[in-house]
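Fold and contact review
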Amino acid sequence: MRKKIVAGNWKMNLDLEGGRKLATGICEKISENPLETLPGKPEVVFFPPYVFLTEVVKAAEGTSGVSAGSQNIHQLEKGAYTGEVAAPMVKSCGATHTLVGHSERRAYFHEDNALLAKKVEQALNHGLIPVYCCGEVLPEREAGKHFEVVKEQIVNGLFWLKQEAFEKVIIAYEPVWAIGTGVTASPEQAQEMHAFIRKVVGEKYGLQTAEHVSILYGGSCNAQNARELFSQPDVDGGLIGGASLKAPDFLAIIQSF
Ligand code: PGA
């Protein structure tokens, strides 16, 4: 059975105290109501800004099924790259995951699939699970190119991996037009794309691997719409932005399987 996952992408929000409180508050509630007793037995991953990563790792310690990761990593493992953060540093903070290729990184920092392939490699080389983000912008969907675009992102970013390495990856489908806009993909639109991604993975790595890979949905997923989205057969959870900053909403999403 593939894993159900709810991930919170805090983006460039909160401060140290706010981040600590959010993570601690969520973990306390999870301890009262452990993840393994919930439908779907989901795992939870927080993606705070780098500077709070250590604190969030500490806050999550001892809460079974909860871990933390970074929102990005550099494509090299060390060197003279002022202001950048490398995978081994993230790993040394106790993180287990990293986002790779979030659409905001693709759009504002011009990260392309070739660069993202290197980041995936760095993550895997240093024991971090990459959550590889893909998704089309609105004009691409309107032109009927969304499948093509997402396939290209996955093929170029991931399909150079050997089977064993690929099996460590998590995929997040986030249609860019749904991110932070309040417009969510309909459950049918999400399911259609997730099934497509799984089919593409199956063609490359075989059916068993396709069945095993977790594919998360992201884009205005919230406490109101999570249940319907997560009930789709190929949606294995969510990458949550705005709603991950409010403990009650995030907790409700965790309980939406
Ligand atoms: P959102 O962000 O939930 O605020 O739309 C999701 C994301 O960007 O990961």
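Residues numbered from 1 in each chain as written. Predicted model: local features only at pLDDT ≥ 70, side-chain atom pairs only at ≥ 80, totals over all residues. Heavy atoms only, no water.

1. A few points about unusual backbone geometry
Phi at lysine 11 is positive, roughly 55°, even though this residue is not glycine. On the secondary structure map, lysine 11 appears in the loop between strand E1 (5-9) and helix H1 (16-32). We note that lysine 41 has phi near 40°; this positive angle belongs to a residue other than glycine. Residue position: lysine 41 is located in the loop between H1 and strand E2 (43-47). (Helix = DSSP H or I, 4+ residues; strand = E, 2+ residues; numbered from the N terminus.)

2. A few points about the site of the ligand
As a matter of local geometry, the ligand sits amid 13 residues, with Lys11, His102, Glu174, Gly180 and Ser220 nearest to it. Between glycine 241 and the ligand, the recorded distance is 2.9 Å, taken from a backbone N or O atom to an oxygen atom. One of the backbone N or O atoms of glycine 242 is found 2.8 Å from an oxygen atom in the ligand. In isolation the ligand has 280 Å² of accessible area, and contact with the protein removes 95% of it. A class-by-class count of the residues in the shell around the ligand yields four nonpolar, seven polar and two charged. (Near = heavy atom within 4 Å. Polar contact = N/O pair within 3.5 Å; in protein donor to acceptor, adjacent residues only side chain to side chain. Areas by Shrake-Rupley, 256 points an atom, 1.4 Å probe, with all protein chains shown as cover. Nonpolar A, V, L, I, M, F, W, Y, C, P; charged D, E, K, R; others polar.)

3. Re the sheet that holds strand E5 (residues 129-134)
Sheet architecture is closed into a barrel: eight strands sit in the order E1-E2-E3-E4-E5-E6-E7-E8, paired in parallel fashion. Sheet twist, expressed as the mean angle between neighbouring strand axes with direction ignored, is 25°. In this structure, strand E7 (residues 215-218) lies alongside strand E8 (residues 237-240), joined through two bridges in parallel fashion. Its bridge partner lying in E8, glycine 218 is registered against leucine 239. Packed on one face of the sheet, helix H9 (residues 187-205) meets E5, strand E6 (170-173) and E7 and runs near 150° to E7. Its contacts with the sheet put helix H12 (residues 247-254) on E1, E2 and E8, and the angle it makes with E1 is roughly 155°. (Pairing = 2+ DSSP bridges. Axes fitted to C-alpha atoms, helices over the stretch in contact; angles between N-to-C directions. Contact = heavy atoms within 4.5 Å.)

4. Some points on helix H2 (residues 53-60)
Looking at H2, one finds that the buried residues are Leu53, Val56, Val57, Ala59 and Ala60. Around the axis of H2, the buried residues are gathered within 160° of arc, so they sit on the same side. Elements that come into contact with the buried residues of H2 comprise H1, E2, strand E3 (66-70) and helix H3 (87-92). A positive phi of about 90° marks glycine 62, the residue just after H2. (Buried < 20%, exposed > 50% of the residue type's maximum accessible area, 1.4 Å probe, protein only. Arc of directions from axis to C-beta.)

5. Some points on the pairing of E6
The alternating pattern of E6 places Ile170 and Ala172 on one face and Ile171 and Tyr173 on the opposite face, and all of these are buried. Here E5 runs beside E6; their pairing, made up of four bridges, is parallel. Within E6, the residue paired with cysteine 133 across the bridge is alanine 172. Pairing between E6 and E7: three bridges, direction parallel.

6. Structural notes on the packing of helix H7 (residues 146-158) against H9
Remark: H7 packs on H9, axes separated minimally by 11 Å, with the N-to-C direction vectors making an angle of 40°. Relative to H9, H7 is oriented oblique. Crossing handedness for the pair H7 and H9: right-handed. Side by side, H7 and H9 meet where His146, Phe147, Val150, Lys151, Ile154 and Leu158 of the first sit next to Glu192, Met193, Phe196, Ile197, Val200 and Tyr205 of the second. (Parallel < 35°, antiparallel > 145°, perpendicular 65-115°, else oblique. Left-handed = near helix turned anticlockwise from the far one by under 90°.)

All we've got here are geometric facts, nothing functional implied.
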